[in-house]
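Residue strings, one per chain:
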Amino acid sequence: MELFYHPLSRYSQKVLIALYEKQANFYPRIIELSDPFSRKEFCQVYPPGKVPLLKTRSGDLIPESSIIIEYIDHEFSTGTRLLPREHKIALDTRLQDRLIDNDFSNILFELEHQKIESKEKNQIRIKHLENNITRFLQYLNTQLEDKHWLCGDSLTLADCALFPCLYCAQDHFKLFEFDNLDRYWHQAQLRGAFQQVKEEVELVKIEVLSGRRPIP
Ligand SMILES: N[C@@H](CCC(=O)N[C@@H](CS)C(=O)NCC(=O)O)C(=O)O
């Protein structure tokens, strides 16, 4: 199996956490999305040019982080089961995963864009996005009132989606103000699979800052 990804992409981090949780072997193929040559080469493999992308042992291409995770969860019986067996919990896992991608990760993208990249900062839009994320953090805090991980006692696909978002959100939001979420976030940072992903992220950030790697 080959994983095309970028270490600083949240959707890539989501898949990496899952691969490490499953103890699944893969060849890492880093795509520098800001490098036209790397991008062109990747678009020849997968024209939409989005990471993450999994190439299976039989050569099939699987895009979309949640679908990749469902695939590896089904393929590998090792490690953590990421889509629970029980239908009701599996449905909740898929729901939380969708909510995190749509109402947290994608909003964070726009917020980062508005705050960092955009020259004309639209303060009203920034406030609106921050309010949306704060409401979502409150929602998560309530969900975690009686649950160890987001969907129950075991770590699932939904947690793989959530960790990278919290990792980014901690720079913009006071996570410690949400008691249950704060407890969850500390717990997440002790998880081996996530620690492995964070190590790679920190290394790449240093390389970008020192100019040894292009700005993604
Ligand atoms: N829904 C997709 C989102 C993938 C995505 O948006 N990837 C971003 C990086 S995090 C990307 O490849 N952007 C490059 C582009 O859009 O050209 C997933 O879950 O995998």
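Residues numbered from 1 in each chain as written. Predicted model: local features only at pLDDT ≥ 70, side-chain atom pairs only at ≥ 80, totals over all residues. Heavy atoms only, no water.

Time to look at the packing of helix 1 (residues 10–22) against helix 4 (residues 87–117). Contact pair helix 1 / helix 4: the axes reach a minimum separation of 11 Å and the direction vectors enclose 140°. It follows that helix 1 is oblique to helix 4 by the angle criterion. In this structure, helix 1 contributes Arg 10, Tyr 11 and Lys 14 to the contact, and helix 4 contributes Asp 97, Arg 98, Asp 101, Ser 105, Asn 106, Leu 108, Phe 109 and Glu 112. Its residues assigned to classes, the contact of helix 1 with helix 4 comprises three nonpolar, two polar and six charged. (Axes fitted to C-alpha atoms, helices over the stretch in contact; angles between N-to-C directions. Helix = DSSP H or I, 4+ residues; strand = E, 2+ residues; numbered from the N terminus. Parallel < 35°, antiparallel > 145°, perpendicular 65-115°, else oblique. Contact = heavy atoms within 4.5 Å. Nonpolar A, V, L, I, M, F, W, Y, C, P; charged D, E, K, R; others polar.)

Now for the domain arrangement of the chain. Think of interface size as the accessible area that goes away when the parts come together; that is how it is often given. Along its sequence, the chain is organised into domain 1 (2–81) and domain 2 (87–194). Here the C-alpha centre of domain 2 lies 21 Å away from the C-alpha centre of domain 1. Contacts between domain 1 and domain 2 engage 14 residues on the former and 21 residues on the latter. Ranking the residues of domain 1 by area buried against domain 2 places Arg 10, Tyr 11 and Ile 17 at the top, with a combined share of 47%. (Domains from an automatic or database assignment. Buried area = accessible area lost by both parts, 1.4 Å probe.)

What follows deals with the nonpolar core. Residues Ile 100, Phe 104, Leu 137, Leu 166 and Leu 181 are the most contacted members of the largest nonpolar core, which totals 56 residues. Inspection of this core shows a minimum of three residues originating in each of domain 1 (2–81) and domain 2 (87–194). Residues in contact with Ile 100, not counting those within four places in the same chain, are Ser 105, Phe 136, Leu 150, Ala 158, Ala 161, Leu 162 and Cys 165. Membership of the second largest hydrophobic core comes to six residues, among which are Phe 4, Tyr 46, Val 51 and Leu 53. (Core = buried A, V, L, I, M, F, W, Y, C linked by side-chain atoms within 4.5 Å. Buried < 20%, exposed > 50% of the residue type's maximum accessible area, 1.4 Å probe, protein only.)

For the rest of this paragraph, the subject is the site of the ligand. If you check the shell around the ligand, you find Ser 9, Tyr 11, Leu 33, Arg 39, Lys 50, Val 51, Pro 52, Glu 64, Ser 65 and Phe 109 and nothing else. Within the side chain of Arg 39, an N or O atom sits 2.5 Å from an oxygen atom of the ligand. One of the backbone nitrogen or oxygen atoms of Val 51 is found 2.8 Å away from a nitrogen atom of the ligand. Across the complex, the protein chains shield 76% of the 510 Å² of accessible surface that the ligand would expose by itself. Class assignment for the residues of the shell around the ligand results in five nonpolar, two polar and three charged. (Near = heavy atom within 4 Å. Polar contact = N/O pair within 3.5 Å; in protein donor to acceptor, adjacent residues only side chain to side chain. Areas by Shrake-Rupley, 256 points an atom, 1.4 Å probe, with all protein chains shown as cover.)

Our focus in this paragraph is helix 6 (residues 157–169). With 13 residues, helix 6 extends 19 Å between its outermost C-alpha atoms, agreeing within 8% with the 18 Å of an ideal straight helix rising 1.5 Å per residue. Counted residue by residue, helix 6 has 13 buried out of 13 residues, so it is predominantly covered. (Expected span 1.5 Å × (residues − 1).)

Inspection of the entire model under this criterion finds twelve salt bridges. Here Arg 98 ties to Asp 97 by a salt bridge, and the two come within 3.2 Å at their closest N and O atoms. In this structure, the salt-bridge partner of Asp 101 is Arg 98, at a minimum N-O distance of 2.7 Å. Separated by three residues within a single helix, Asp 101 and Arg 98 lie in helix 4, roughly one turn from each other. Salt bridges here are not isolated pairs; linked through shared partners, they connect Lys 14, Asp 97, Arg 98 and Asp 101. (Salt bridge = Lys/Arg side-chain N within 4 Å of Asp/Glu carboxyl O.)

The terminal C-alpha atoms of helix 1, which comprises 13 residues, lie 19 Å apart, in line with the 18 Å expected from a rise of 1.5 Å per residue. The buried fraction of helix 1 is high, at twelve of 13 residues. Inspection of helix 1 places Arg 10, Tyr 11, Ser 12, Gln 13, Lys 14, Val 15, Leu 16, Ile 17, Ala 18, Leu 19, Glu 21 and Lys 22 among the buried residues, and these make up the whole buried set. On the buried face of helix 1, the contacting elements are strand 1 (2–5), helix 3 (65–75), helix 4, helix 6 and helix 8 (192–209). Immediately downstream of helix 1, the backbone of Gln 23 shows phi near 55°, a positive value.

We now examine the UniProt feature "domain: GST N-terminal" (unreviewed entry) in the chain. Mapped onto this structure's residue numbering, the UniProt feature "domain: GST N-terminal" (unreviewed entry) falls at residues 1–80. When the span residues 1–80 is considered, its composition is 42% helix and 18% strand, and the gap between its end C-alpha atoms is 19 Å. (UniProt positions renumbered as here; feature names shortened; annotations may be inferred.)

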